Amino acid sequence: MVNIIWVFLTVIGIIFAMVNGTMDQVNEAIFNGAAEAVTLCIGLISVLVFWLGMMKIAEDAGLLQKLSLLFRPIVKKLFPDVPNEHPAMGYILSNMMANMFGLGNAATPLGIKAMEELKRLNGGLDVASRSMITFLAINTSSITLIPTMVIAIRMKYESASPTEIVGPTLIASFCSAIGAIIIDRYFYYRRKKKA
Amino acid sequence: MQVVSVISLWFIPVLIGFILIYGTIKRVPTYESFVEGGKEGIKIAVSIIPFLVGMLVAISVFRASGALEYFMEFIRPALEAVGIPPDIVPLAIIRPISGSAALGMTSDLIAVHGPDSFIGRLASVLQGSTDTTFYVLTVYFGAVGIRKMGDALKVGLLADLIGIIAAIVVVTIIFGSK
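Residues numbered from 1 in each chain as written. Chains lettered and ligands numbered in written order. Predicted model: local features only at pLDDT ≥ 70, side-chain atom pairs only at ≥ 80, totals over all residues. Heavy atoms only, no water.

For chain B, an unreviewed UniProt entry supplies the name Spore maturation protein and the organism Cytobacillus praedii.

As annotated in an unreviewed UniProt entry, chain A carries the name Spore maturation protein and comes from Cytobacillus praedii.

So this is what it looks like as structure tokens:
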């Protein structure tokens, strides 16, 4: 999918330039775009190094586990099909915590582990279970405490207040998480009614 | 809306202070842990270079050729009628598909419109408050061999749509639509 969009943008751009006589600008855009991307990534290093360093301390201090205890009651409500002491619960919670702290690389293996356990709970079938769909819905609405990358980009382009979007991002992702849960429930009851 | 601004301003320093104190109490070798985790940051920044180069070149070409403007003019009336800024549409389309491609689009929007413009703020919030549904779906379900996805895709994409609407509403309320 991303392949199609990528080729579409570039090829349509080039064809448009042929018709429009904007070849000059397109030539410039190719090299400027590439240079811009590299400068941006180098600029991101500062914030990424700092934030991931901080998160490593939080992780080593057991803060993530502490937080998952706090969220356990809520998550139990969201996954009524998962028994309380089942390992799936632990993985789901750790995945959510990692996502919250913006540790995308740590979140993925935990998410896969959670899916494995949920599949086992579902008798090893290759069909997505109710809990799997809920897990996915929560994952896609991603509540992030600190949108590190975005702050870094805003700093790079000299925002007067790079972090002013932290609060709004939290509110927006909280709304979308609630929305995702409601949609997930709606589809679940619709399936149940059909069956 | 003063409260949200104050929280935004205080949140990161307070969180850092808390982590450092908590880590010290728990006898974590804080500085060494910090350095260890920081190394990961360099790896990530370097590994996204090719993603961003590819996407930023494509968007730059699309914009410089005049195609983007043409496309925007085409969809503007319909979107403005429902209150969606047309500039955000390419980002909204690519967000569920590829995280790094979306990051490229976000930085392009911030660069062109300015980080403190309505579009710049909206792109910032949108990037932070939604996730790549297709990635999560492919990786998580793919890794454990789930073939029949049921309502998963529908639920994920509808959740993204709600995220986009929420971002527009929240940014408009807090910062105004300028």
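Novice: Quick rundown of the overall build of chain A? Include the residues and the values.
Specialist: For chain A, the helix and strand inventory stands at eight helices and zero strands. Helices and strands appear in chain A in the N-to-C order α-α-α-α-α-α-α-α. A compact globule built from 195 residues should have a C-alpha radius of gyration of about 16 Å, whereas chain A, at 22 Å, is more than 25% larger. Across its three principal axes, chain A shows a C-alpha extent of roughly 65 × 45 × 30 Å. A buried classification covers 50% of the 195 residues belonging to chain A. In chain A, the share of contacts with a sequence separation of at least 24, taken over all contacts with a separation of at least 6, comes to 61%. If you sum the accessible surface of chain A, you get close to 9,000 Å²; carbon and sulfur atoms cover 67% of it. With 17 positive and 13 negative side-chain charges, chain A shows a separation of 16 Å between the mean positions of the two kinds. (Helix = DSSP H or I, 4+ residues; strand = E, 2+ residues; numbered from the N terminus. Rg over C-alpha atoms; globule rule 2.2 N^0.38 Å. Buried < 20%, exposed > 50% of the residue type's maximum accessible area, 1.4 Å probe, protein only. Contact = heavy atoms within 4.5 Å. Areas by Shrake-Rupley, 256 points an atom, 1.4 Å probe, with all protein chains shown as cover. Lys, Arg positive; Asp, Glu negative; His and termini not counted. Charge placed at Lys NZ, Arg CZ, Asp CG, Glu CD.)

Novice: Tell me about the overall build of chain B, residues and numbers included.
Specialist: Check the secondary structure of chain B and you find nine helices and zero strands. Traced from its N-terminal end to its C-terminal end, chain B shows the element sequence α-α-α-α-α-α-α-α-α. Evaluated residue by residue, chain B yields a buried proportion of 55% over its 178 residues. A fraction of 64% describes how many contacts in chain B between residues 6 or more apart in sequence connect residues 24 or more apart. Separation between the mean location of the 12 positive side-chain charges and that of the 12 negative ones in chain B comes to 8 Å.

Novice: Lay out the pattern of salt bridges in plain terms, naming residues and giving numbers.
Specialist: One pass over the full model with this rule turns up 16 salt bridges over all chains. Salt-bridge contacts for Lys113 of chain A lead to Glu116 of chain A; the nearest nitrogen and oxygen are separated by 3.8 Å. Residue Lys113 of chain A and its partner Glu116 of chain A are located together in helix α5 (residues 104-121), separated by three residues, close to a single helical turn. Relative accessible area serves as the criterion here: at 37%, Lys113 of chain A is assigned to the partly exposed category. Classification of Glu116 of chain A by relative accessible area gives partly exposed; the value is 32%. Put simply, Arg147 of chain B and Asp126 of chain A hold a salt bridge, and the shortest N to O gap is 3.5 Å. (Salt bridge = Lys/Arg side-chain N within 4 Å of Asp/Glu carboxyl O.)

Novice: Residue-level account of helix α2 (residues 23-60) of chain A, with values.
Specialist: With 38 residues, α2 of chain A should cover 56 Å at 1.5 Å per step; its first-to-last C-alpha distance of 54 Å lies within 8% of that length. Taking the largest bend as the criterion, α2 of chain A deviates by roughly 30°, centred on Ile45 of chain A. (Expected span 1.5 Å × (residues − 1). Bend = angle between axes of the 7 residues up to and from the residue.)

Novice: Run through the interface of chain B and chain A, naming residues and quoting values.
Specialist: Taken residue by residue, the interface counts 93 residues in chain B and 97 residues in chain A. In terms of surface lost to chain A, no three residues of chain B exceed Ile19, Phe34 and Tyr140 of chain B, which account for 8% of the buried area on that side. On inspection of chain B and its partner chain A, the count reaches five salt bridges. The closest approach of N and O atoms between Arg121 of chain B and Glu164 of chain A, which form a salt bridge, is 2.7 Å. At the surface where chain B touches chain A, the tally comes to 18 residue pairs in polar contact (both at pLDDT 80 or more). The element best represented in the side of chain B that touches chain A is helix α9 (residues 152-175) of chain B, accounting for 14 residues. (Buried area = accessible area lost by both parts, 1.4 Å probe. Polar contact = N/O pair within 3.5 Å; in protein donor to acceptor, adjacent residues only side chain to side chain.)

Novice: Any details on the domain arrangement of chain B? Residues and values, ideally.
Specialist: Partitioning chain B into structural domains gives domain 1 (1-46) and domain 2 (66-175). Summarising the inter-unit geometry, the C-alpha centres of domain 1 of chain B and domain 2 of chain B are found 28 Å apart. (Domains from an automatic or database assignment.)

Novice: An account of the UniProt feature "transmembrane region" (unreviewed entry) in chain A is requested, with residue identities and associated values reported.
Specialist: Residue and element names in this part refer to chain A. Mapped onto the present numbering, the UniProt feature "transmembrane region" (unreviewed entry) falls on residues 6-23, 35-54, 88-112, 133-153 and 165-188. When the span residues 35-54 is considered, its composition is 100% helix and 0% strand, and the gap between its end C-alpha atoms is 30 Å. Secondary structure across residues 165-188 divides into 96% helix and 0% strand, with the first and last C-alpha atoms of the span separated by 34 Å. (UniProt positions renumbered as here; feature names shortened; annotations may be inferred.)

Novice: I'd like a description of the packing of aromatic side chains, backed by residues and values.
Specialist: Within the structure shown, the criterion is met by seven aromatic pairs over all chains. Judged by centre distance (5.1 Å) and plane angle (65°), the rings of Tyr188 of chain A and Tyr189 of chain A are edge-to-face. A residue is classified by how much of its surface remains accessible, and Tyr189 of chain A, at 44% relative accessible area, is partly exposed. Here Arg130 of chain A stacks its cationic end above the ring of Tyr188 of chain A, 3.6 Å away from the centre of that ring. Over the aromatic face of Phe175 of chain B sits the side chain of Arg121 of chain B, whose NZ or CZ is 4.2 Å from the ring centroid. (Phe/Tyr/Trp six-rings, centres within 6.5 Å; stacked < 30°, edge-to-face > 60°. Lys NZ or Arg CZ within 6 Å of the ring centre and 35° of its normal.)

Novice: Quick one: what's the story with the UniProt feature "transmembrane region" (unreviewed entry) in chain B, residue by residue and with numbers?
Specialist: Residue and element names in this part refer to chain B. Here, the residues flagged by UniProt with the feature "transmembrane region" (unreviewed entry) are residues 7-24, 44-62 and 155-175. With 95% helix and 0% strand, the stretch residues 44-62 has end C-alpha atoms that lie 27 Å from each other. Secondary structure within residues 155-175 divides into 100% helix and 0% strand; the distance between the first and last C-alpha atoms comes to 30 Å.

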